[in-house]
Amino acid sequence: MSFFKRRQFLAFTVFCLSSLGVTAGCRSSLMGNNAENPTELTVSAAASLKDVLEAIKPLYLKDNSKVNLTYNFASSGSLQQQIEQGAPVDIFISAAPKQMNALQEKELIQAETRQDLLKNQMVLIVPQDNNKIKGFTDLKTADFDKMALGEPESVPAGKYGQEVLKTLGLFDTVKSKAVYGKDVRQVLNYVATENVDVGIVYRTDVKASDQVKVLETAPENSHSPIIYPVAVVKTSANPEAAKKFINFLQSDTAGNVFENEGFIHLKP
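Position numbers for residues count from 1 along each chain, tracking the sequence in the order it is written. Local features in a predicted model are, by the rule used here, given only for residues with pLDDT of at least 70; side-chain atom pairs are given and counted only at 80 or more, and totals for whole chains, interfaces and linings are based on all residues. To get the side-chain values, take all heavy atoms of the structure and skip hydrogens and water.

**Student:** Explanation requested: the overall build of the protein chain in the structure shown.
**Tutor:** If you tally the helices and strands in the protein chain, you get nine helices and 11 strands. Looking at the protein chain as a whole, 44% of its 268 residues qualify as buried. Long-range contacts, defined here as pairs at least 24 residues apart, represent 77% of the contacts in the protein chain between residues at least 6 apart. Surface exposure here means Shrake-Rupley accessible area, sampled with a 1.4 Å probe, where a residue is shielded only by the protein chains that are shown. A total of about 13800 Å² of accessible surface is found on the protein chain, and carbon and sulfur atoms cover 51% of it. Counting from the N terminus, the helices are the DSSP runs of H or I reaching at least four residues and the strands are the DSSP runs of E reaching at least two. Between buried and exposed lies partly exposed: a residue is buried under 20% and exposed over 50% of the maximum accessible area for its type, with that area taken using a 1.4 Å probe on protein chains only. In this analysis, two residues are considered to be in contact whenever any of their non-hydrogen atoms come within 4.5 Å of each other.

**Student:** I would appreciate a short explanation of the sheet that holds strand 10 (residues 227-232) in the present structure.
**Tutor:** Where strands meet in a sheet, backbone hydrogen bonds hold them as pairs that are either parallel or antiparallel. Strands pair, by our definition, only if DSSP identifies at least two bridges between them. Pairing is mixed across the open sheet formed by six strands, whose spatial order is 2-1-3-10-4-11. The open sheet has two edge strands, strand 2 (67-74) and strand 11 (264-265), and neither has a second partner. Where strand 3 (residues 91-93) and strand 10 come together, three bridges link them in antiparallel fashion. When the bridges of strand 10 are listed, Ile 91 appears paired with Val 232. Between N-to-C directions, angles span 0 to 180 degrees; the directions come from axes that are lines fitted to C-alpha atoms, helices contributing only their stretch in contact. Sheet strands touched by helix 2 (residues 50-62): strand 1 (39-46), strand 2 and strand 3. Its angle to strand 2, the strand with the most contacts, is close to 175 degrees.

**Student:** Would you mind showing me how to read the packing of aromatic side chains here?
**Tutor:** Any pair of aromatic rings gets described here by the distance separating the centres and the angle formed by the planes. Planes of paired rings set the category: under 30 degrees apart is stacked, over 60 is edge-to-face and the rest tilted, where pairs are Phe, Tyr or Trp rings (Trp by its six-membered ring) whose centres lie within 6.5 Å. Taken as a whole and assessed by the stated rule, the structure comprises seven aromatic pairs. Ring geometry for Tyr 160 versus Tyr 202: centroids 6.4 Å apart, planes at 65 degrees, classification edge-to-face. Taken together, the positions of Tyr 160 in helix 5 (residues 156-167) and Tyr 202 in strand 8 (residues 198-202) put the pair 42 residues apart, joining distant regions of the chain. By relative accessible area, Tyr 160 is classed as buried at 1%.

**Student:** Even after reading the chapter, I still don't get the pairing of strand 8, so can you show me in this structure?
**Tutor:** In summary, the side chains of a regular strand alternate between the two faces of the sheet. Summarising burial for strand 8: five of the five residues are buried, a large majority. Judged from the four bridges that link them, strand 5 (residues 122-127) and strand 8 form a sheet pairing that is antiparallel. Along strand 8, the bridge assignment pairs Met 122 with Tyr 202. Judged from the two bridges that link them, strand 6 (residues 147-150) and strand 8 form a sheet pairing that is parallel. Residue pairing across strands places Ala 148 opposite Gly 199, the latter belonging to strand 8.

**Student:** Just checking my understanding: could you explain the sheet that holds strand 7 (residues 178-181) for this structure?
**Tutor:** The strand order 7-6-8-5-9 describes an open sheet built from five strands, whose pairing is mixed. Pairing within the sheet leaves two strands with one partner each, and these edge strands are strand 7 and strand 9 (212-217). Direction aside, the axes of adjacent strands within the sheet are offset by 35 degrees on average. In the sheet, strand 6 pairs with strand 7 via four bridges, with the strands oriented parallel. Each bridged residue has a counterpart across the sheet, and for Met 147 the counterpart in strand 7 is Ala 178. Packed on one face of the sheet, helix 5 meets strand 5, strand 6 and strand 8 and runs near 120 degrees to strand 8.

**Student:** Where do I start with empty space enclosed by the protein in this structure?
**Tutor:** Using a probe with the size of a water molecule, rolled over the atoms, empty space left in the structure can be pinpointed. Here a cavity means grid points, on a 1 Å grid over the protein atoms only, where a 1.4 Å probe fits yet cannot get out; a pocket means an open set of points with protein on both sides within 12 Å along at least five of seven lines; lining residues are those with an atom within 4 Å of a point. Grid points are joined across faces, edges and corners, and a volume is the space filled by probe spheres set on the points. With the rule as written, the count across this model stands at three cavities of 30 Å³ or more. Empty space within the largest cavity amounts to approximately 60 Å³. If you trace the largest cavity, you find 13 residues lining it, with Ala 46, Ala 47, Val 155, Pro 156 and Val 184 closest to the centre. Its residues assigned to classes, the lining of the largest cavity shows nine nonpolar, three polar and one charged. Amino acids are sorted into nonpolar (Ala, Val, Leu, Ile, Met, Phe, Trp, Tyr, Cys and Pro), charged (Asp, Glu, Lys and Arg) and polar (every other residue, Gly among them).

And the structure:
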């Protein structure tokens with residue numbers, strides 16, 4: 001073989017090897033990128049959990065950087081309906097057992113993952129400068145026009161609030177003045193903006209506004225226990241990651257945040 005032909009052969013060989021290397025590198029790179037794709041987790045949670053779950057999020061992601069955590073906040077009844085209609089949800093946290101029970105009966109959650117996560121309290125609130133009402137008993141005689149409650153059929157806080165009023169013998173007096181919100185945060189906003197004179201919300205919601213004040217905490221025996229259950233949704237695309245997040249919510253790290261926001265954290 002002539003010198004010229006040998007050089008051509010060597011050049012061709014180097015080119016082929018280089019091409020193979022580039023191809024292998026590209027494949028390796030693509031495989032690596034696929035391996036690094038984040039795990040997507042969608043958590044549908046009661047509106048009353050918005051602030052506390054946002055505070056917990058960076059703590060979880062600190063040690064789980066390969067997870068993309070997305071929250072969907074609304075009333076528990078609305079979230080239940082979304083899941084029943086096939087919404088892509090991994091975890092459901094309800095503000096009452098009722099909505100979780102409904103999904104469990106329809107086998108739409110992984111029943112073995114269900115846990116009671118939190119407890120809460122109901123409080124009577126008014127705008128900061130409202131001095132007409134001092135507590136629940138004043139609702140019988142005080143001169144006021146409107147009272148805000150959550151919609152009892154879809155908003156657990158509304159159901160609990162209605163129970164409080166009935167137990168205390170106040171419901172018939174105030175029902176004609178009731179204005180219903182789509183979730184507990186809307187009830188809080190009605191009071192904060194003085195569109196209503198008084199409202200009933202969770203104690204934990206009051207921290208979200210400096211425009212309202214708490215008059216009284218409802219007696220514990222005046223309403224059903226306020227329990228927040230959590231579970232993995234049956235159709236979750238990432239059930240193991242979902243279970244891991246629930247385990248984190250039950251940890252002392254998350255528990256401290258819940259307690260700081262006024263929730264009672266239930267240990268597993």
